[in-house]
Amino acid sequence: MNRIIIKNVDLKTETYRAVDRKRLCLILYSIFCSSLIGDDYVILTLYEPFRHWSETGSVYILSDPHLGDSDCKLMDPGWIEPEEQVARINALVMKNDTFVCLGDVGDASFVKQIRARKKILLLGNHDKKKDYKGLFDEIYDGPLLIAEKILLSHEPVYGLPWCLNIHGHDHSNIESYKEGCKHLNLAANVCGYTPVSLGKLIKGGILSDITSIHRITIDRATEKKEKWHGEAVSDN
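Residues numbered from 1 in each chain as written. Predicted model: local features only at pLDDT ≥ 70, side-chain atom pairs only at ≥ 80, totals over all residues. Heavy atoms only, no water.

1. What to know about the sheet that holds strand β8 (residues 150-152)
As a reminder of what qualifies: At least two bridges found by DSSP between two strands are what make those strands a pair. A run of DSSP states H or I qualifies as a helix once it reaches four residues; a run of E qualifies as a strand once it reaches two. Both are numbered from the N-terminal end. An axis is simply a line fitted to the C-alpha atoms; with a helix, the fit covers only the stretch in contact. Between two such axes, the angle follows the N-to-C directions and lies from 0 to 180 degrees.
The strand order β7-β8-β9-β10 describes an open sheet built from 4 strands, whose pairing is mixed. The open sheet terminates on both sides in strands that have one partner only, identified here as β7 (144-147) and β10 (182-185). Between one strand axis and the next, the sheet turns through 25 degrees on average, direction left out of account. Bridging between strand β9 (residues 164-167) and β10 involves 4 bridges; their strand directions are parallel. Bridging from a neighbouring strand, I166 pairs with L184 of β10.

Here's what the structure looks like:
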């Protein structure tokens, strides 16, 4: 039997009796939930206003499902039916998870079938906020910086080498992404109509090669100082 020690509570012995039963139950429940909901519990990388997305489960992101839109097959002849899309979403997104849609939702009636605890929407160029009120817990009009290095948006954003831009909109996946900007295109037909776990992305190291804006600012200031110092020495 493996010994499990939680905050000095040894479950192999009887020392747990000294711990308040309610507190112990809460600790055990948290561990149990963690084992069920995967890698996202809790995403401390997120800024405080968004951390509640991962309080009880994983955070899944998908863009441009265009559920039930009649022109989907013009964008991609292989576009799957909305019922199949919802089934693929629900195959991953559990009732304690958060589902983030990066815009271009489609038929609002399908949103009710997605079983996430929280549903978040960043409006796309085809969306009208009034169509989705009451269906999403949070609705945002534009790009959202949810962590120091993570920017969510509908359309791809350029010129920001200090963050990962998770977006959609580009159904052909041939957008000329500029060097120095890291993008992840989650338009539904590009990522197999399957939402992606934010926690797994982070744990997989997707942010590891991105230099923070603080580091970039410090490095630029250092370069300027060294250049100024070099010019001053040359003048002397």
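2. What to know about the packing of aromatic side chains
Test applied: For Phe, Tyr and Trp, rings pair up if their centres lie within 6.5 Å, where Trp contributes its six-membered ring, and each pair is then called stacked (planes under 30 degrees apart), edge-to-face (over 60) or tilted (otherwise). Each residue gets one of three labels from its accessible area relative to the maximum for its type: buried under 20%, exposed over 50%, partly exposed in between, using a 1.4 Å probe on protein chains only.
Enumeration according to the criterion identifies 4 aromatic pairs in this entry. A ring pair is formed by W79 and Y193, whose centres lie 5.5 Å apart and whose planes are at 80 degrees; its orientation type is edge-to-face. A residue pair is termed long-range when its members are at least 10 positions apart, and W79 in the loop between α3 (72-75) and α4 (82-92) and Y193 in the loop between β10 and β11 (196-197) qualify at 114 residues. Here W79 matches Y193 in class, with each residue buried.

3. What about the side chain of S63?
What counts is decided by this rule: Contact definition: two residues touch when any of their heavy atoms are within 4.5 Å.
By the element assignment, S63 lies in the loop between β3 (59-62) and α3. Taking the relative accessible area as the measure of exposure, S63 reaches 0% and is therefore buried. Beyond its immediate stretch of four places on either side in the chain, S63 contacts L102, G103, H154, H167, G168, H169, L186, A187 and A188.

4. Brief notes about the pattern of salt bridges
Two side chains bearing opposite charge may form a pair once their charged atoms approach each other closely. Here is the rule we go by: What makes a salt bridge here is a side-chain nitrogen of Lys or Arg within 4 Å of a carboxyl oxygen of Asp or Glu, nothing more.
Enumeration according to the criterion identifies 5 salt bridges in this entry. Salt-bridge contacts for K130 lead to D131; the nearest nitrogen and oxygen are separated by 3.2 Å. Here K130 falls in the exposed class, since its relative accessible area comes to 61%.

5. Looking at the nonpolar core
Defined as follows: Only buried residues count toward a nonpolar core. Its members are Ala, Val, Leu, Ile, Met, Phe, Trp, Tyr and Cys residues joined through side-chain atoms within 4.5 Å.
Counting 24 residues, the largest nonpolar core has F99, V105, L121, Y132 and F136 as its most contacted members. For F136, the residues in contact, after removing those within four places along its chain, are C101, V105, V111, K119, I120 and L121. Ranked by size, the runner-up nonpolar core spans 23 residues in total, among them I61, A147, L198 and I206.

6. A closer look at the pairing of β3
Of the two faces of β3, the one lined by V59 and I61 and the one lined by Y60 and L62 are each fully buried. Direction of pairing for β3 relative to β11: antiparallel, over a ladder of 2 bridges. Within the sheet, the bridge partner assigned to Y60 lies in β11 and is S197.

7. Quick look at the environment of R215
Tracing the sequence through the fold places R215 in helix α7 (residues 213-235). On a C-alpha basis, the gap between R215 and W162 in space is 9.0 Å, while along the polypeptide they are 53 residues apart.

8. Some words on the confidence of the model for the chain
Condition: For every residue, the pLDDT score states the predictor's confidence, bounded by 0 at the bottom and 100 at the top.
Mean pLDDT over the chain works out to 82, with 76% of the residues at or above the 70 mark. pLDDT under 50 marks residues 1-19. Its contacts with residues more than four places away, or in other chains, come to 23 contacts. Here residues 29-40 scores under 50 on pLDDT; set against residues more than four positions off or in separate chains, the count is 18 contacts.

9. Remarks on the side chain of N165
Put simply, the rule is: Between N or O atoms, a polar contact is any pair within 3.5 Å; within protein, one atom must be a potential hydrogen donor and the other a potential acceptor, and residues adjacent in sequence are included only when both atoms are from side chains.
By the element assignment, N165 lies in strand β9. The class for N165 is buried, based on a relative accessible area of 2%. Polar side-chain contacts of N165 include one of 2.7 Å to the backbone nitrogen of V157. For N165, the residues in contact, after removing those within four places along its chain, are L151, L152, S153, E155, P156, V157, K182, H183 and L184.

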